[in-house]
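Listed below, chain by chain, are the residues.
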Amino acid sequence: MPIWLNGVLANNAVAEFNLNDKGLLLGYGVFDTALVIADKVAYREAHLEKLTKSCAALSLPVASSFLSEMMEKAAKDLPLGVIRITVTGGVGPRGMAFSPEAKPNVIVSASPIAATIFCPEIRLVLTPLRRNESSFTARIKTLNYLDAIMAVTEARQKSFDDALFLNTAGHVACSSTANLFMIRDGYLITPPVSDGILAGIMRANILRFAKFRDIPVEERSIGYEELLEADDIFLTNSLRLISQVTHLGEVALPRRSAALLALLESMVFDEINYSRSQ
């Protein structure tokens, strides 16, 4: 797995790194992961824009052109894989406040993946941890992912695949790494960003596809009990794409929207120019 630190390829993933980096000490930094198909980053411009805006939100002075260059370099010779770009806070004076003197570190990795990652069925279980909809970290992919790590670890110990978060108001938010959609009476229903979710790239694509196909959409708060009455539930992210939820806890979902899910999946695969027979 090749890894670059500030544009320089690390030898066997080992490089000199200042241990006073605020990304390491305080979780000050952001990251993005993107799918690569045939040496091309799927939804490249959307990923680049999102990462650039996240850096700006944390006052991390990283040129968009450099991030773009590293995307291209990492994707080269990768038939099917994932690239991750991490931007840390860099080294500055001791303390919590960000220093304008700090120079961010940019870490880029590229890894092959198997096609089995696409569209898995998911068993989802509710976590007692809550998503804080007022938190700055709820809407940006920062390096602080401890809640998600603990929630999904507990879920897997219980033989589930992922954890479902509610927010502090008790509304449905997201899973540990994905946005959530509910299908009910032909409507696609998904929580609004104000309920403490990341505005995911695949989420935006699904909303765009729905508009194109005149599929009715609601962005509104969802109660947990509503999920139990859904015709279908699915998750979206940039790597798994669309994942149908088969169970909520011990409750098996009816899975009544096979045709709609198949349509959305085919639109995604067509747009990223990938055949499932590959």
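Keep in mind that this is a model prediction, so the values were computed, not measured. Each chain has its residues counted from 1, running along the sequence as written. At least 70 in pLDDT is required for a residue's local features to be given in this predicted model, at least 80 for side-chain atom pairs to be given and counted, and no such filter applies to totals for whole chains, interfaces and linings, which use all residues. Only hydrogens and water are set aside when side-chain values are computed; all heavy atoms of the structure are taken into account.

Chemist: Any chance you could break down the overall build of the chain for me, citing the residues and the numbers?
Modeler: Per the secondary structure count, the chain includes seven helices and 15 strands. A radius of gyration in this sense is built from C-alpha atoms; the matching globule rule multiplies 2.2 Å by the number of residues raised to 0.38. Rg of the C-alpha trace for the chain: 19 Å, near the compact-globule value of 19 Å for 278 residues, within the 12% margin. In terms of overall dimensions, the chain has a C-alpha envelope of 55 × 40 × 35 Å along the principal axes. Think of it in three bands: residues with accessible area under 20% of the maximum for their type are buried, residues over 50% are exposed, and the middle band is partly exposed, with areas taken using a 1.4 Å probe on protein chains only. Taking all 278 residues of the chain together, 51% fall into the buried category. Sequence separation of 24 or more characterises 72% of the internal contacts of the chain that already satisfy a separation of 6 or more. All accessible-area figures derive from a Shrake-Rupley calculation using a 1.4 Å probe, and residue coverage is judged against the displayed protein chains alone. Of the accessible surface of the chain, which amounts to about 13,400 Å², a share of 55% is contributed by carbon and sulfur atoms. His residues and chain termini do not enter the charge count, which takes Lys and Arg as positive and Asp and Glu as negative. Where a charge sits is defined by one atom per residue type, namely NZ (Lys), CZ (Arg), CG (Asp) or CD (Glu). Between the centroid of the 27 positive side chains of the chain and the centroid of its 30 negative side chains there is a distance of 3 Å. Strands are runs of DSSP state E lasting at least 2 residues, helices are runs of H or I lasting at least 4, and numbering of each runs from the N terminus. In this description, contact between two residues means that some pair of their heavy atoms is separated by no more than 4.5 Å.

Chemist: Tell me about a nonpolar patch on the surface, residues and numbers included.
Modeler: A contiguous nonpolar surface patch, about 560 Å² in accessible area, is contributed by Leu 19, Leu 24, Leu 25, Leu 26 and Met 96. Locating Leu 25 in the fold gives a position in helix 1 (residues 22-26). Patch definition: residues with relative accessible area over 30% and no salt bridge; like charges joined within 9 Å; nonpolar side chains (Val, Leu, Ile, Met, Phe, Trp, Tyr) joined within 5 Å. The term salt bridge refers to a side-chain nitrogen of Lys or Arg lying within 4 Å of a carboxyl oxygen of Asp or Glu.

Chemist: Any chance you could break down the sheet that holds strand 5 (residues 80-88) for me, citing the residues and the numbers?
Modeler: We treat two strands as partners when DSSP finds at least two bridges between them. A sheet is described by the order of its strands in space; here six strands give the open sequence 2-1-6-5-3-4, paired in antiparallel fashion. Sheet topology places strand 2 (8-9) and strand 4 (40-41) at the edges, where each strand pairs with a single neighbour. Across two bridges, strand 3 (residues 29-37) lies against strand 4 in antiparallel orientation. Bridging from a neighbouring strand, Ile 37 pairs with Lys 40 of strand 4. In this description, a line fitted to the C-alpha atoms serves as the axis of each element, helices being fitted only across the stretch in contact, and the angle between N-to-C directions of two axes falls anywhere from 0 to 180 degrees. Against the sheet, helix 2 (residues 44-57) contacts strand 3, strand 4 and strand 5, and its axis sits at roughly 175° relative to strand 3. Docked against the sheet, helix 3 (residues 64-75) engages strand 1 (3-5), strand 3, strand 4, strand 5 and strand 6 (106-112), running at close to 150° with respect to strand 5.

Chemist: Would you mind going over empty space enclosed by the protein in detail, with residue names and values included?
Modeler: With a 1 Å grid spanning the protein atoms alone, the term cavity applies to any set of points in which a 1.4 Å probe fits but cannot get out, the term pocket to an open set with protein on both sides within 12 Å along at least five of seven lines, and the term lining residue to any residue with an atom within 4 Å of a point. Grid points are joined across faces, edges and corners, and a volume is the space filled by probe spheres set on the points. One pass over the structure, following the stated rule, counts two cavities of 30 Å³ or more. Size it by volume and the largest cavity reaches roughly 50 Å³. Forming the boundary of the largest cavity are Val 125, Leu 126, Thr 127, Pro 128, Ala 151, Glu 154, Ala 155, Lys 158 and Ala 163. If you list the elements that add at least two residues to the lining of the largest cavity, you get strand 7 (122-131) and helix 4 (146-157).

Chemist: Run through the packing of aromatic side chains, naming residues and quoting values.
Modeler: Only centres within 6.5 Å qualify two rings of Phe, Tyr or Trp (six-membered ring in Trp) as a pair; their planes then separate them into stacked at under 30 degrees, edge-to-face at over 60, and tilted for everything else. For the coordinates displayed, the defined rule picks out five aromatic pairs. Aromatic pair Phe 118 and Phe 269: ring centres 5.7 Å apart, planes at 75°, arrangement edge-to-face. Of this pair, Phe 118 sits in the loop between strand 6 and strand 7 while Phe 269 sits in helix 7 (residues 258-271), placing them 151 residues apart in sequence. An identical accessibility class is assigned to Phe 118 and Phe 269; each is buried. With centroids separated by 5.0 Å and ring planes inclined at 5°, the aromatic side chains of Phe 181 and Phe 234 adopt a geometry described as stacked. Here the residue Phe 181 occupies a position in strand 10 (residues 179-184), and Phe 234 occupies one in strand 13 (residues 232-237), the gap between them amounting to 53 residues. We classify Phe 181 as buried; its relative accessible area is 0%. A relative accessible area of 0% places Phe 234 in the buried class. Members of the aromatic cluster, joined through ring pairs, are Phe 118, Phe 269 and Tyr 274. Ring-over charges, as used throughout, are those where CZ of Arg or NZ of Lys falls within 6 Å of the ring centre and within 35 degrees of the ring normal. When the ring centre of Phe 31 is taken as reference, the NZ or CZ atom of Arg 84 above it lies at 4.0 Å.

Chemist: Account for the packing of helix 5 (residues 201-212) against helix 7, with residues named and values stated.
Modeler: Close contact between helix 5 and helix 7 brings their axes to 11 Å; oriented N to C, the two are set at 110°. As the angle between them shows, helix 5 and helix 7 are arranged roughly perpendicular. Seen along the crossing, helix 5 lies across helix 7 with a hand that is right-handed. Facing helix 5, whose interface residues are Met 202, Asn 205, Ile 206, Arg 208, Phe 209 and Phe 212, helix 7 presents Leu 264, Met 267, Val 268 and Glu 271. Oblique is the label for any angle not under 35 degrees, not over 145, and not in the 65 to 115 range, which are roughly parallel, roughly antiparallel and roughly perpendicular in turn. Crossing handedness is read from the near helix: turned anticlockwise from the far helix by less than a right angle, it gives a left-handed crossing, and turned clockwise, a right-handed one.

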